[in-house]
Amino acid sequence: MTESPDGLARFRNVLRRFTTPLLPDDYTVLANPLWSKRELRGKIERVERFPDDTIHLVIRPGWGVPVNFKAGQYIGIGLRVDGRYTWRSYSLTNAPDTRDGLFAITIRAVEKGRLSNHLVGTAQPGINVRLAAPAGDFHLTDPVPEKLLFVTAGSGVTPVVAMLRTLVDRRQVTDIKVVHSVRNRSDLIFEDVLEDFDAHIQVTSEQGRVSPAVLEELVPDYRERVVYACGPATMLDELETWASDNDIEIRVERFTLERASDAKGGTITFARRGIQTAADGATTILEAGEAAGVQMPFGCRMGICQTCVRELVDGHVHDLRTGDTREPGSRIRTCVGVAAGDITIDA
Ligand code: FES
């Protein structure tokens, strides 16, 4: 028996005839836990632990998971934590390589981070995880710009590490400057990769943060470069303004959803289930539904993959990513939509 899509489809068809009332997936999962038509899965293959609550994971994707990602993209990881599936997105840190088809991610345990703390504490080779396919717009363009400037802070270095590794793999290293900030020197990860690019490391507890003025001093020809930036929202906001003022092309990746909005929240009615719940203007419809026992499909939980889209039947929804207000009848992303008053969702 093989894991090829055709072979697996035939295997499922045969099973379908014999397995009622259980679904074929119940049996295929017994045969190989990475086979499932209902969801994408993977298996942790390697775990490398570091003293500062950081781990590197290598994951082998299961059947049906697209492995041809672009450097800079992220995947979603889902695991059952305290009886409930918890999902987070992590940037891939390896260069895309369809020969081995593996995913590498780096996770640091963060305060109140359910999944990050769980993984840092318990991840072992052999553990199965759910996966959301690689996604994200923060990736290298083709052709690669001749002059690049990467500005990162903290774990914002992770997608850039994948880009740097890819540029080395493809022998496309041209004129690249890297400016990376860490609070303390002990927070530095991927030192070897950064060293290869002669990166400037700014230790903010000693040297202060990298402001646009500091950046201009460090990289005098900044106007000639395409900038990729990933880090805290305040840093990205400042860099976007600076880039716009100086007519610089910039691409940014925001790890966290900015939850501050004018949306006042309201009562959310999940029409098909007949369930109602109250939510404030910072709690997404997806989160509010989960807390009320309404499980809706989702993937990235960052407003990108569209898996969570549902129809807004009544009321208005504020989209935290775009800042738009959506009208009744529109299809909304429940993972980034919050109630702007009482709303009804077709779910
Ligand atoms: S889960 Fe991906 S867009 Fe909502």
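Use the structure listed above.
Residues numbered from 1 in each chain as written. Predicted model: local features only at pLDDT ≥ 70, side-chain atom pairs only at ≥ 80, totals over all residues. Heavy atoms only, no water.

A.B. asks: Sorry if this is basic, but what is going on with helix α4 (residues 157-169) here?
C.D. replies: Residues spaced three or four apart along an α-helix face the same direction, because each turn holds 3.6 residues. Taking 1.5 Å per residue as the helical rise, α4 with its 13 residues ought to reach 18 Å, and the 18 Å between its terminal C-alpha atoms agrees with that figure. Taken across its 13 residues, α4 has 10 buried, putting it largely inside the fold. Three or more residues of α4 are buried, namely V157, T158, P159, V160, V161, A162, M163, L164, T166 and L167. As for α4, its buried residues are in contact with β4 (84-91), β5 (103-108), β7 (147-153), β8 (175-182), α5 (191-196) and β10 (226-230). One or two residues past the end of α4 sits R171, with phi positive at roughly 55°. (Helix = DSSP H or I, 4+ residues; strand = E, 2+ residues; numbered from the N terminus. Expected span 1.5 Å × (residues − 1). Buried < 20%, exposed > 50% of the residue type's maximum accessible area, 1.4 Å probe, protein only. Contact = heavy atoms within 4.5 Å.)

A.B. asks: What is the right way to look at the packing of aromatic side chains in this model?
C.D. replies: Tallied over the full model, the rule gives four aromatic pairs. Between F150 and Y228, the aromatic rings sit 5.6 Å apart at their centres with planes inclined by 40°, giving tilted as the arrangement. Here F150 is found in strand β7, whereas its partner Y228 is found in strand β10, with 78 residues between them in sequence. Assigned by exposure class, F150 and Y228 land together as buried. With a centroid separation of 5.4 Å and 35° between ring planes, the pair formed by Y222 and W242 is classed as tilted. Highlighted residues: Y222 in the loop between α7 (212-218) and β10 and W242 in helix α8 (residues 233-245), separated in sequence by 20 residues. Accessibility classification places Y222 together with W242 in one group, the buried group. These aromatic residues form a ring-pair network of at least three members: F138, F150 and Y228. (Phe/Tyr/Trp six-rings, centres within 6.5 Å; stacked < 30°, edge-to-face > 60°.)

A.B. asks: How should the sheet that holds strand β1 (residues 40-50) be read in this particular structure?
C.D. replies: As a general point, the strands of a sheet are linked pairwise by backbone hydrogen bonds and lie either parallel or antiparallel. Read across the open sheet, the six strands follow the order β4-β3-β6-β1-β2-β5; overall the sheet is antiparallel. Each edge of the sheet is formed by a strand with only one pairing partner; in this case those strands are β4 and β5. Averaged over all pairs of adjacent strands, the angle between their axes in this sheet comes to 35°, without regard to strand direction. Two elements, strand β3 (residues 74-81) and strand β6 (residues 128-135), share four bridges in a ladder whose sense is antiparallel. Directly across from Y74, in β6, lies its bridge partner A135. Packing against the sheet, helix α3 (residues 114-122) makes contact with β1, β2 (54-61), β3, β4 and β5, and its axis sits at approximately 80° to β3. (Pairing = 2+ DSSP bridges. Axes fitted to C-alpha atoms, helices over the stretch in contact; angles between N-to-C directions.)

A.B. asks: When you look at the side chain of H318 in this model, what are you seeing that I'm missing?
C.D. replies: When you line up the elements, H318 lands in strand β15 (residues 317-319). Relative accessible area serves as the criterion here: at 14%, H318 is assigned to the buried category. H318 has contacts with S261, A263, G323, D324, T325, V336, G337, V338 and A340, leaving out every residue within four places of it along the chain.

A.B. asks: Could you clarify how one ought to interpret the nonpolar core in this entry?
C.D. replies: In globular proteins that are soluble, nonpolar side chains generally tend to be buried together. Of all hydrophobic cores here, the largest spans 28 residues; its most connected members are L148, F150, L164, I176, V178 and Y228. Every element with two or more residues in this core is listed here: β7, α4, β8, α5, β9 (200-203) and β10. Here this core gets seven residues from one element, more than from any other, and that element is α4. Excluding residues within four positions of it along the chain, I176 makes contact with L148, F150, L164, L167, F197 and R225. L79, I107, A109 and V120 belong to the second largest nonpolar core, which has 22 residues in total. (Core = buried A, V, L, I, M, F, W, Y, C linked by side-chain atoms within 4.5 Å.)

A.B. asks: Would you explain the sheet that holds β15 in this entry?
C.D. replies: Taken in spatial order, the three strands line up as β16-β15-β18 in an open sheet, and their pairing is antiparallel. At either margin of the open sheet sits one strand with a lone partner, and together these are β16 (325-326) and β18 (337-339). Strand direction decides the pairing type here: β15 and β18, joined by three bridges, are antiparallel. Among the inter-strand pairings, V317 is bridged to a residue of β18, identified as A339.

A.B. asks: Could you clarify how one ought to interpret α3 in this entry?
C.D. replies: When α3 is considered as a whole, its buried residues turn out to be L115, S116, L119 and V120. The buried residues of α3 all sit within an arc of 125° when viewed along its axis, so they share a single face. Looking at the packing, one finds that the buried side of α3 touches β1, β2, β3, β4 and β5. (Arc of directions from axis to C-beta.)

Everything listed is a geometric property; what it means functionally is a separate question.
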